[in-house]
Amino acid sequence: MTDLGPVAWPPVPIRTERLVLRGPEARDRPAFIELLASPEVHTYLGGPRPPAQLERELPEVPERWPGSFVVHLDGVMIGQILLRRAPEHSRPAALGKVDLGYMFLPRVWGCGYATEACAAALDWFHGMLPGEPVVLHTQTANIGSMRLAAKLGFTEVERFHAWDAEQWLGMRLPPPVPRSSPRGTSRPDSASGDRRCGRG
């Protein structure tokens, strides 16, 4: 089961200080191929897929389903945010809960974009489905993902061994009261002023 439930899709684009989150479109296909074929992106995600295979198999509008956000910086896709129900084969603590996933192109790593985009997507989710927790899976070896989980407010539920590696499951409880900031905005993290970060 991956359905988010009674959520209208695609959403109105979500704008943060630097980014736009929206549903996938046909113009995003080349960036999806780059993202899915990147060895760096898939170090902890089971390995990349061959570009030629992606060219053949990827639909005209990739990943078009509720909870799949494209992340744009200055009109250029730099990543994807995923919100979907944890499948039946998931850990008991995650079963039926919405799982947060994300992928960003290596050239924008270290700029705080993942934190900014994930925070905005979570704000949107809690506005649409208030009261629901969110879970996140990652390998403990993925230090960057572990740091991001902590920044976003996920706390450890359990560690377990699967796919030949130690895995981490965290949970983020819904906010007890509505946030004072408008829906679709997020607070940039401390990396937002990093001069290494380009604009495309």
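Okay, so let's go over this structure.

Calculation rules
- Residues numbered from 1 in each chain as written.
- Predicted model: local features only at pLDDT ≥ 70, side-chain atom pairs only at ≥ 80, totals over all residues.
- Heavy atoms only, no water.
- Buried < 20%, exposed > 50% of the residue type's maximum accessible area, 1.4 Å probe, protein only.
- Helix = DSSP H or I, 4+ residues; strand = E, 2+ residues; numbered from the N terminus.
- Pairing = 2+ DSSP bridges.
- Salt bridge = Lys/Arg side-chain N within 4 Å of Asp/Glu carboxyl O.
- Phe/Tyr/Trp six-rings, centres within 6.5 Å; stacked < 30°, edge-to-face > 60°.
- Lys NZ or Arg CZ within 6 Å of the ring centre and 35° of its normal.
- Contact = heavy atoms within 4.5 Å.
- Polar contact = N/O pair within 3.5 Å; in protein donor to acceptor, adjacent residues only side chain to side chain.

## What about the pairing of strand 3 (residues 68-73)?
Then, number 1: Here strand 3 lies mainly inside the structure; 6 of its 6 residues are buried.
Then, number 2: Because side chains alternate across strand 3, one face comprises the buried residues Ser68, Val70 and His72, and the other comprises Phe69, Val71 and Leu73, equally buried.
Then, number 3: Summarising the sheet, strand 2 (residues 19-22) and strand 3 pair through 4 bridges and their orientation is antiparallel. Counted as the bridge partner of Arg22 is Val70 from strand 3.
Then, number 4: The pairing of strand 3 with strand 4 (residues 76-85) spans 6 bridges and is classified as antiparallel. Residue pairing across strands places Val70 opposite Gln80, the latter belonging to strand 4.
Then, number 5: Hairpin connection from strand 3 to strand 4: 2 residues lie between these consecutive antiparallel strands, with Asp74 at a positive phi of about 50°.

## Some thoughts on the pattern of salt bridges
Then, number 1: All chains considered together, the criterion is met by 11 salt bridges.
Then, number 2: A salt bridge links Glu25 to Arg22; the nearest nitrogen and oxygen atoms lie 3.8 Å apart.
Then, number 3: Among the residues examined, Glu25 registers a relative accessible area of 32% and is labelled partly exposed.
Then, number 4: Each of Arg22, Glu25, Arg27 and Asp28 takes part in a single network of salt bridges with overlapping partners.

## Topic: the packing of aromatic side chains
The way to describe two aromatic rings as a pair is by their centre distance and the angle between their planes.
Then, number 1: Counted under the stated rule, the structure contains 3 aromatic pairs.
Then, number 2: Plain terms: the ring middles of Trp9 and Trp124 are 5.7 Å apart, the flat faces sit at 75° to each other, and that makes the pair edge-to-face. Of this pair, Trp9 sits in the segment before strand 1 (14-15) while Trp124 is found in helix 3 (residues 113-128), placing the two residues 115 residues apart along the sequence.
Then, number 3: With a relative accessible area of 5%, Trp124 lands in the buried category.
Then, number 4: Ring pairing ties together the aromatic residues Trp9, Phe69 and Trp124, which thus form one cluster.
Then, number 5: Over the aromatic face of Phe160 sits the side chain of Arg91, whose NZ or CZ is 4.1 Å from the ring centroid.

## Brief notes about the environment of His42
Then, number 1: By secondary structure assignment, the location of His42 is in the loop between helix 1 (29-36) and helix 2 (51-57).
Then, number 2: Put simply, His42 and Met103 are 61 residues apart on the chain and 8.7 Å apart in space, counted from C-alpha to C-alpha.
Then, number 3: Those residues within four positions of His42 in sequence are excluded, and the remaining contacts are Leu35, Leu36, Gly47, Pro48 and Met103.
Then, number 4: In this structure the side chain of His42 is engaged in a polar contact, spanning 3.4 Å, whose partner is the backbone oxygen of Leu36.

## Brief notes about helix 1
Then, number 1: Counting buried residues along helix 1, 6 of its 8 residues qualify, which places the element largely inside the surrounding structure.
Then, number 2: By the burial criterion, the buried members of helix 1 are Arg29, Ala31, Phe32, Ile33, Leu35 and Leu36.
Then, number 3: Residues of helix 1 that are buried make contact with helix 2, strand 3, strand 4 and strand 5 (98-104).

## Looking at the pairing of strand 7 (residues 155-162)
Then, number 1: In this sheet, strand 8 (residues 165-172) lies alongside strand 7 in antiparallel orientation, the contact comprising 7 bridges. In the sheet register, Glu158 faces strand 8, and the bridge partner there is Leu169.
Then, number 2: Adjacent in sequence and paired antiparallel, strand 7 and strand 8 are bridged by 2 residues, among which Trp163 carries a positive phi angle near 55°.

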